[in-house]
Amino acid sequence: DFVLSVGREHWAIEVKASRHVDARDLKGLGAFAEYAKATRRIVVFLGARRQRLDDVEVLPLEDFLAELPGQPRHDEPTPRTLTALGFNSRRARC
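Residues numbered from 1 in each chain as written. Predicted model: local features only at pLDDT ≥ 70, side-chain atom pairs only at ≥ 80, totals over all residues. Heavy atoms only, no water.

How would you sum up the sheet that holds strand E4 (residues 51–53)? Please name residues and give values.
Strand order in the open sheet made by the 5 strands is E1-E2-E3-E5-E4, with mixed pairing throughout. Pairing within the sheet leaves two strands with one partner each, and these edge strands are strand E1 (2–6) and E4. Here the average twist between neighbouring strands, direction ignored, is 30°. Here E4 runs beside strand E5 (residues 56–60); their pairing, made up of 3 bridges, is antiparallel. When the bridges of E5 are listed, Gln51 appears paired with Val58. Packing against the sheet, helix H1 (residues 27–36) makes contact with E1, strand E2 (9–15), strand E3 (40–45) and E5, and its axis sits at approximately 155° to E2. (Pairing = 2+ DSSP bridges. Helix = DSSP H or I, 4+ residues; strand = E, 2+ residues; numbered from the N terminus. Axes fitted to C-alpha atoms, helices over the stretch in contact; angles between N-to-C directions. Contact = heavy atoms within 4.5 Å.)

Below, the structure is given as structure tokens:
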């Protein structure tokens with residue numbers, strides 16, 4: 001878990017090495033977000049579709065990276081970018 005400050009916002013972020021996320025996976029994030037006074041709660045995962053579980057955004061890794069400050073919103077990271085970050089979708093098994 002980590003907090004990312006973006007302007008005046010504080011994003012509480014949890015990363016899951018899984019292709020599926022459900023409400024049971026969010027317990028720790030809730031407490032962490034309260035402690036960090038987060039304005040946005042995000043779970044980053046290896047799945048393909050964005051989801052919303054209560055007040056938590058569940059974002060595929062590529063979508064999360066595209067939303068980071070300094071990233072053009074219309075671009076998705078290239079495989080080279082993901083590899084540089086240590087992610088290889090062909091090897092990911094969940």
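Go over the nonpolar core, please, and point to the residues and values.
Across soluble globular proteins, nonpolar side chains show a tendency to be buried alongside one another. The biggest cluster of nonpolar side chains holds 10 residues, and these are Ala12, Val21, Leu26, Leu29, Ala33, Ala38, Val43, Phe45, Val56 and Val58. Mapped by element, the contributors of at least two residues to this core are H1, E3 and E5. Beyond its immediate stretch of four places on either side in the chain, Leu29 contacts Ala12, Ile13, Glu14, Arg41, Ile42, Val43 and Val56. Counting 9 residues, the second-largest nonpolar core is a separate cluster that includes Val44, Leu59, Leu61 and Leu65. (Core = buried A, V, L, I, M, F, W, Y, C linked by side-chain atoms within 4.5 Å. Buried < 20%, exposed > 50% of the residue type's maximum accessible area, 1.4 Å probe, protein only.)

I'd love a proper account of unusual backbone geometry, names of residues and values included.
One non-glycine residue, Lys37, lies in the positive phi region at around 55°. Along the polypeptide, Lys37 turns up in the loop between H1 and E3. By relative accessible area, which is 64% here, Lys37 ends up exposed. A positive phi is found at Asp54, a non-glycine position, where the angle reads about 55°. As for its position among the elements, Asp54 is in the loop between E4 and E5. A residue is classified by how much of its surface remains accessible, and Asp54, at 71% relative accessible area, is exposed.

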